[in-house]
Amino acid sequence: MQDIPADTKKRGPSSRVLEEVIRQAPSEYVTLGWLTSTLQRDSFGIVMLCLGLLATTPVGSTVPGLILAVMAVQLIVGHGKPAFPHFIMTRRLPTRQLLRLGARYPRTQVSRESRSSALPRAFEAAKHAVGVMVLLLTLVLLLTPVPLSNVAPAMVISLISLAYVEEDGLLLSVGLLAATILIGLGSAAVWGTVIGATLISG
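Residues numbered from 1 in each chain as written. Predicted model: local features only at pLDDT ≥ 70, side-chain atom pairs only at ≥ 80, totals over all residues. Heavy atoms only, no water.

**Re the overall build of the chain**
Right, so step 1: Summing up its helical and strand segments, the chain has 10 helices and two strands in all.
Right, so step 2: For the chain, the succession of helices and strands along the chain, N to C, is α-α-β-α-α-α-α-β-α-α-α-α.
Right, so step 3: Relative to its full complement of 202 residues, the chain shows a buried share of 41%.
Right, so step 4: In the chain, the proportion of contacts linking residues at least 24 apart, taken out of those at least 6 apart, comes to 78%.
Right, so step 5: As displayed, the chain offers around 10,800 Å² of accessible surface, 66% of which is attributable to carbon and sulfur atoms. (Helix = DSSP H or I, 4+ residues; strand = E, 2+ residues; numbered from the N terminus. Buried < 20%, exposed > 50% of the residue type's maximum accessible area, 1.4 Å probe, protein only. Contact = heavy atoms within 4.5 Å. Areas by Shrake-Rupley, 256 points an atom, 1.4 Å probe, with all protein chains shown as cover.)

Structure (structure tokens):
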């Protein structure tokens, strides 16, 4: 355990971190700025998880998708936590939505203290790949010209985000495989639409 950074050794599974945040949350509302400052290292994954769940709705997935794209770029370039304009960071969200997320958030059975000391480092190195996949999935979510095409990419984004915060290698592998398949299908759909439009216009 001596090779694990001090902040990693002190932290339990991310579900416990979320439970502690819910315990400290103001009774009426929270802001995105408050969440990111409280969650710190876990803020990327948990905020992406929230946005991924929001993006599964048939209508209204565009705004969560655009925010996810911005977060993915920030993750790729190595930001410590999400950064947004002041009006977004101070936007009020009802605390009941945070409570609803906490009630649905899956709990992992293995604590981080029992995992390999190399695992946190591996996930730190994998954050660029996670960012790239989330960005590509967001493009699929926003650009695929098929009804309800946002649902599957949003679910995979949520899966990858959950695996990232919980440092679950198996779950992350499943999420990345599903992302690769969806990106291929989405690219084919977009390309087919472009070719079809070109043929019709010609």
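**Notes on the side chain of N150**
Right, so step 1: Checked against the element boundaries, N150 lands in the loop between helix 8 (118–143) and helix 9 (151–166).
Right, so step 2: Judged by its relative accessible area of 5%, N150 is buried.
Right, so step 3: A polar contact is formed between the side chain of N150 and the backbone oxygen of A55, at a distance of 2.7 Å.
Right, so step 4: Look past the residues within four positions of N150 in its chain and what remains in contact with it is A55, T56, T57, P58, S61 and L141. (Polar contact = N/O pair within 3.5 Å; in protein donor to acceptor, adjacent residues only side chain to side chain.)

**Overview of the environment of V77**
Right, so step 1: Its place among the elements puts V77 in helix 5 (residues 62–77).
Right, so step 2: The class for V77 is exposed, based on a relative accessible area of 56%.
Right, so step 3: For V77 and G131, which are 54 residues apart along the polypeptide, the C-alpha to C-alpha distance reads 8.8 Å.

**Here we look at the nonpolar core**
Right, so step 1: Ranked by internal contacts, the top residues of the largest apolar core, which has 25 residues, are M71, V130, V134, L137 and I160.
Right, so step 2: In this structure M71 touches F44, V47, M48, L51, P82 and F84, once residues within four positions along its chain are discounted.
Right, so step 3: Counting seven residues, the second largest nonpolar core, distinct from the first, contains L35, L39, I46 and V165. (Core = buried A, V, L, I, M, F, W, Y, C linked by side-chain atoms within 4.5 Å.)

**Quick word on helix 10 (residues 169–201)**
Right, so step 1: Relative to the 48 Å expected for 33 residues at 1.5 Å per residue, helix 10 spans 47 Å between its end C-alpha atoms, a close match to the ideal helical length.
Right, so step 2: For helix 10, the set of buried residues is L172, G175, A179, L182, I183 and G186.
Right, so step 3: N-capping of helix 10 is provided by D168, with a side-chain oxygen placed 3.2 Å from the backbone N of L170. (Expected span 1.5 Å × (residues − 1).)

**Re helix 9**
Right, so step 1: Between its first and last C-alpha, helix 9 extends 23 Å over 16 residues, near the 22 Å set by a 1.5 Å rise per residue.
Right, so step 2: With 12 of 16 residues buried, helix 9 is to be regarded as a mostly interior element.
Right, so step 3: Along helix 9, the positions that sit buried rather than exposed are P153, A154, V156, I157, S158, I160, S161, L162, A163, Y164, V165 and E166.
Right, so step 4: Phi for E167, located one or two positions after helix 9, is positive at around 55 degrees.

**A few points about the packing of helix 9 against helix 10**
Right, so step 1: Contact geometry for helix 9 and helix 10: axes closest at 8 Å, N-to-C directions at 155 degrees. What the angle tells us is that helix 9 and helix 10 run roughly antiparallel. Judged by the sense of rotation from one axis to the other, the crossing of helix 9 with helix 10 is left-handed. Contact with helix 9, carried on its side by A152, P153, V156, L159, I160, L162 and A163, involves L171, L172, V174, G175, L176, A178, A179 and L182 of helix 10 and no other residues of that element. (Axes fitted to C-alpha atoms, helices over the stretch in contact; angles between N-to-C directions. Parallel < 35°, antiparallel > 145°, perpendicular 65-115°, else oblique. Left-handed = near helix turned anticlockwise from the far one by under 90°.)

**Let's talk about the packing of helix 4 (residues 43–54) against helix 5**
Axes are the key here: two packed helices are described by the angle between their axes and the distance separating the axes.
Right, so step 1: At a closest axis distance of 9 Å, the pairing of helix 4 and helix 5 adopts a crossing angle of 155 degrees. Taken together, the axes of helix 4 and helix 5 are roughly antiparallel relative to one another. Judged by the sense of rotation from one axis to the other, the crossing of helix 4 with helix 5 is left-handed. Here helix 4 contributes F44, V47, M48, L51, G52 and L54 to the contact with helix 5, which in turn contributes P64, I67, L68, M71, Q74 and L75.
Right, so step 2: Across the contact of helix 4 with helix 5, the residue classes tally to 10 nonpolar, two polar and no charged. (Nonpolar A, V, L, I, M, F, W, Y, C, P; charged D, E, K, R; others polar.)

**Comments concerning the environment of L137**
Right, so step 1: By the element assignment, L137 lies in helix 8.
Right, so step 2: Taking the relative accessible area as the measure of exposure, L137 reaches 0% and is therefore buried.
Right, so step 3: Here the alpha-carbon distance between L137 and I157, two residues 20 residues apart in the chain, equals 7.1 Å.
Right, so step 4: Once residues lying within four places of it in the same chain are set aside, the contact partners of L137 are P153, V156, I157, I160, A179, L182 and I183.

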